[in-house]
Amino acid sequence: MDNGASSYRRFLDGDDKGLAEIVRDYKDGLILYLNGIVNNIFIAEELMEETFFKIIIKKPRFNAKHSFKTWLYTIGRNVAIDYLRHNAKRSDVPMDDVEKYVKDEYDLEKLYIVEERKIAVHRALHKLHSEYRQVLWLIYFEGLSNADTASIMRKNARQMKNLVYRAKSALKSELDKEGFVYEEL
């Protein structure tokens, strides 16, 4: 369910409401992300606008290999890096500082992706049966052992093992429906 991709497709087909939906859904997050790169909220707002101007004017091709949000934020990141490079030339900021910003930005991007993954997992958890949600929460978010979780949920060891297996399978199935890419589950 990547609403941004469908909105962008509609925009490319001539529906300006698609662009309005993209701006509404992504502008605030994009500003905060860009602020993490340039450390100036006002410049981040300008860079956000420039990012949207880029997709309006150039209409770059969206590759469905990644989510729409990842694609949009990558464009924003490139706009911010171009801004930093341009300002590095105009002021006496050494290129080493620009490289530091790029490295910091890369770290922020990794953190952002981790947070997005957590949000996707939480959304999928809420779609699960209550007992599955409980067992996964206790084991993976609260860090309890299977034995402690079995005690809380009044299950024996075999029941707990089966419940954990079924809960993980159900979660994996929910995440697969959303196109979630995961390394371990």
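Remember, predicted model here, so these are calculated numbers, not experimental data.

Engineer: Explain unusual backbone geometry to me, please; I cannot follow it from the model alone.
Structural biologist: Backbone phi values are negative for most residues with the exception of glycine, while trans is the configuration of most peptide bonds. The phi dihedral of Asn39 is positive, around 55 degrees, even though this residue is not glycine. Inspection of the secondary structure puts Asn39 in the loop between helix H2 (16-38) and helix H3 (41-57).

Engineer: Please explain the environment of Lys177 as it appears in this structure.
Structural biologist: Looking at the element boundaries, Lys177 is found in helix H8 (residues 157-177). Each C-alpha atom, one on Lys177 and one on Ala124, is 9.4 Å from the other, the two residues being 53 residues apart in sequence.

Engineer: Which parts of the structure should I look at to understand the nonpolar core?
Structural biologist: General note: in soluble globular proteins, nonpolar side chains tend to be found buried as a group. Membership of the largest hydrophobic core comes to 27 residues, with the highest contact counts inside it found for Leu34, Ile55 and Phe68. When residues of this core are traced back to their parent elements, those giving at least two are helix H1 (3-12), H2, H3 and helix H4 (68-90). For Ile55, the residues in contact, after removing those within four places along its chain, are Tyr8, Phe11, Leu19, Ile22, Pro60, Trp71, Leu72 and Ile75. Counting 18 residues, the second largest nonpolar core, distinct from the first, contains Leu125, Tyr132, Ala150 and Val164.

Engineer: When you look at the side chain of Thr51 in this model, what are you seeing that I'm missing?
Structural biologist: When you line up the elements, Thr51 lands in helix H3. A polar side-chain atom of Thr51 sits 2.8 Å from the main-chain carbonyl oxygen of Leu47. Other than its neighbours up to four places away in sequence, Thr51 contacts Leu30, Leu34, Leu72, Ile75, Gly76 and Val79.

Engineer: How should the pattern of salt bridges be read in this particular structure?
Structural biologist: Pairing is possible between side chains that carry opposite charge, provided their charged atoms lie close to one another. Taken as a whole and judged by the stated rule, the model has 3 salt bridges. For Arg24, the salt bridge goes to Asp25, with nearest N and O atoms at 3.1 Å. Residue Arg24 is classed as exposed on the basis of its relative accessible area, which comes to 54%. Between Asp28 and Lys27 there is a salt bridge, with the nearest N and O atoms lying 3.3 Å from each other. For Asp28, a relative accessible area of 47% puts it in the partly exposed group.

Engineer: Teacher, can you tell me more about H8 here?
Structural biologist: Note on helix geometry: an α-helix contains 3.6 residues per turn, so any two residues three or four positions apart are oriented the same way. Taking 1.5 Å of rise per residue, 21 residues should cover 30 Å, and H8 covers 30 Å from first to last C-alpha, within 8% of that figure. Turning to H8, its buried residues number three or more, namely Met160, Leu163, Val164, Ala167, Ala170, Leu171, Glu174 and Leu175. For H8, the arc enclosing every buried residue in end-on projection is 135 degrees, short of the 170-degree limit, so these residues lie on one face. Within H8, the exposed residues directed more than 90 degrees away from the buried face are Arg158, Lys161, Tyr165 and Lys177. Residue Gly179 follows H8 closely and has a positive phi angle near 75 degrees.

Engineer: Explain the environment of Ile43 here, please?
Structural biologist: Checked against the element boundaries, Ile43 lands in helix H3. Here the alpha-carbon distance between Ile43 and Tyr83, two residues 40 residues apart in the chain, equals 9.4 Å. In contact with Ile43, other than residues within four places in its own chain, are Val38 and Tyr83.

Engineer: Is there a simple way to think about a nonpolar patch on the surface in this case?
Structural biologist: On the surface, a nonpolar cluster with roughly 320 Å² of combined accessible area is contributed by Leu32, Ile41 and Phe42. With respect to the secondary-structure elements, Leu32 resides in helix H2. By relative accessible area, which is 58% here, Leu32 ends up exposed.

About the cut-offs
- Residues numbered from 1 in each chain as written.
- Predicted model: local features only at pLDDT ≥ 70, side-chain atom pairs only at ≥ 80, totals over all residues.
- Heavy atoms only, no water.
- Helix = DSSP H or I, 4+ residues; strand = E, 2+ residues; numbered from the N terminus.
- Core = buried A, V, L, I, M, F, W, Y, C linked by side-chain atoms within 4.5 Å.
- Buried < 20%, exposed > 50% of the residue type's maximum accessible area, 1.4 Å probe, protein only.
- Contact = heavy atoms within 4.5 Å.
- Polar contact = N/O pair within 3.5 Å; in protein donor to acceptor, adjacent residues only side chain to side chain.
- Salt bridge = Lys/Arg side-chain N within 4 Å of Asp/Glu carboxyl O.
- Expected span 1.5 Å × (residues − 1).
- Arc of directions from axis to C-beta.
- Patch = residues over 30% accessible without salt bridge, like charges linked within 9 Å, V, L, I, M, F, W, Y side chains within 5 Å.
- Areas by Shrake-Rupley, 256 points an atom, 1.4 Å probe, with all protein chains shown as cover.

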